Amino acid sequence: QVQLVESGGGLVQAGGSLRLSCVASGRIFRINAMGWYRQAPGNQREKVAGISSGGSTNYPDSVKGRFTISRDNTKNTLYLQMNSLKPEDTAVYYCYANDRDIPGKDYWGQGTQVTVSS
């Protein structure tokens, strides 16, 4: 079992910044790639950042240049630095991790709310 716990969400004005953290615990050797999704009410869940076990990153155009994902494997922690936030970034942000051996098996955090006011 792997547990993921997010933190760092909150209320911020447009143009501001937030840094989200996700701490993994349990059988962390099961983790391969990690990343972040977000979901706003009425919207589909959207992947906003991914990072491989080797450190390769990917972002959709909606956040590219504004968000930066990183991981500190010594602390079993995933980060999402969010700059130049926009109201459309408002959502619940979820940390995820892919199992290293089982395709389609993912671990999820409980989510942290990010609200960007205009």
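Attention in this report is confined to the structure presented alongside it.

What counts and what doesn't
Residues numbered from 1 in each chain as written. Predicted model: local features only at pLDDT ≥ 70, side-chain atom pairs only at ≥ 80, totals over all residues. Heavy atoms only, no water. Helix = DSSP H or I, 4+ residues; strand = E, 2+ residues; numbered from the N terminus. Contact = heavy atoms within 4.5 Å. Core = buried A, V, L, I, M, F, W, Y, C linked by side-chain atoms within 4.5 Å. Buried < 20%, exposed > 50% of the residue type's maximum accessible area, 1.4 Å probe, protein only. Pairing = 2+ DSSP bridges. Disulfide = S-S within 2.5 Å. Phe/Tyr/Trp six-rings, centres within 6.5 Å; stacked < 30°, edge-to-face > 60°. Lys NZ or Arg CZ within 6 Å of the ring centre and 35° of its normal.

### Some words on the environment of Arg30
Within the secondary structure layout, Arg30 lies in the loop between β3 (18–26) and β4 (31–39). With 63 residues separating them in the primary sequence, Arg30 and Tyr93 have C-alpha atoms 22 Å apart. The residues contacting Arg30, other than those within four sequence positions of it, are Val2, Asn98, Asp99, Arg100, Asp101, Ile102 and Tyr107.

### Comments concerning the nonpolar core
Membership of the largest hydrophobic core comes to 29 residues, with the highest contact counts inside it found for Leu4, Trp36, Leu80, Met82 and Tyr93. At the level of secondary structure, the elements contributing two or more residues to this core comprise β1 (2–7), β3, β4, β5 (46–51), β7 (67–72), β8 (77–82), β9 (91–99) and β11 (112–117). Residue contacts for Leu4: discarding those within four places in its chain leaves Cys22, Val23, Ala24, Met34, Cys95, Tyr96, Ala97, Tyr107, Trp108, Gly109 and Gln110.

### Focus on the pairing of β4
Pairing geometry for β4 and β9, over seven bridges, is antiparallel. Paired with Ile31 across the two strands is Asp99, which belongs to β9. Looking at chain direction, β4 and β5 are connected through five bridges and run antiparallel. Among the inter-strand pairings, Trp36 is bridged to a residue of β5, identified as Ala49. Linking β4 to β5, which pair antiparallel, is a turn of six residues; within it Gly42 sits at a positive phi near 85°.

### Regarding the state of the cysteines
Enumeration over the complete set of coordinates arrives at one disulfide. Put simply, Cys22 and Cys95 are joined by a disulfide, and their sulfur atoms are 2.1 Å apart. The disulfide joining Cys22 to Cys95 has a torsion of about -75° about its S-S bond and is therefore left-handed. Within this pair, whereas Cys22 is found in strand β3, its partner Cys95 is found in strand β9, the two being separated by 73 residues in sequence. Across this residue pair, the class does not change: Cys22 and Cys95 are buried.

### Side note on unusual backbone geometry
The phi dihedral of Asn76 is positive, around 55°, even though this residue is not glycine. When you line up the elements, Asn76 lands in the loop between β7 and β8. Backbone geometry places Ser84, a non-glycine residue, at a positive phi of 50°.

### A short note on the packing of aromatic side chains
Applying the stated criterion across every chain yields a total of three aromatic pairs. Where Tyr96 meets Trp108, the ring centres are 5.6 Å apart and the plane angle is 40°; that geometry is what we call tilted. With Tyr96 in strand β9 and Trp108 in strand β10 (residues 106–108), this residue pair connects regions lying twelve residues apart in the sequence. Judged by its relative accessible area of 4%, Tyr96 falls in the buried class. Three or more aromatic residues link up through ring pairs in this structure, and these residues are Tyr37, Tyr96 and Trp108. Looking at Arg19, its charged tip hangs above the ring of Tyr79, at a distance of 4.0 Å from the centre. Over the aromatic face of Tyr94 sits the side chain of Arg45, whose NZ or CZ is 4.0 Å from the ring centroid.

Functional significance is not addressed by these values, which are geometric in nature.
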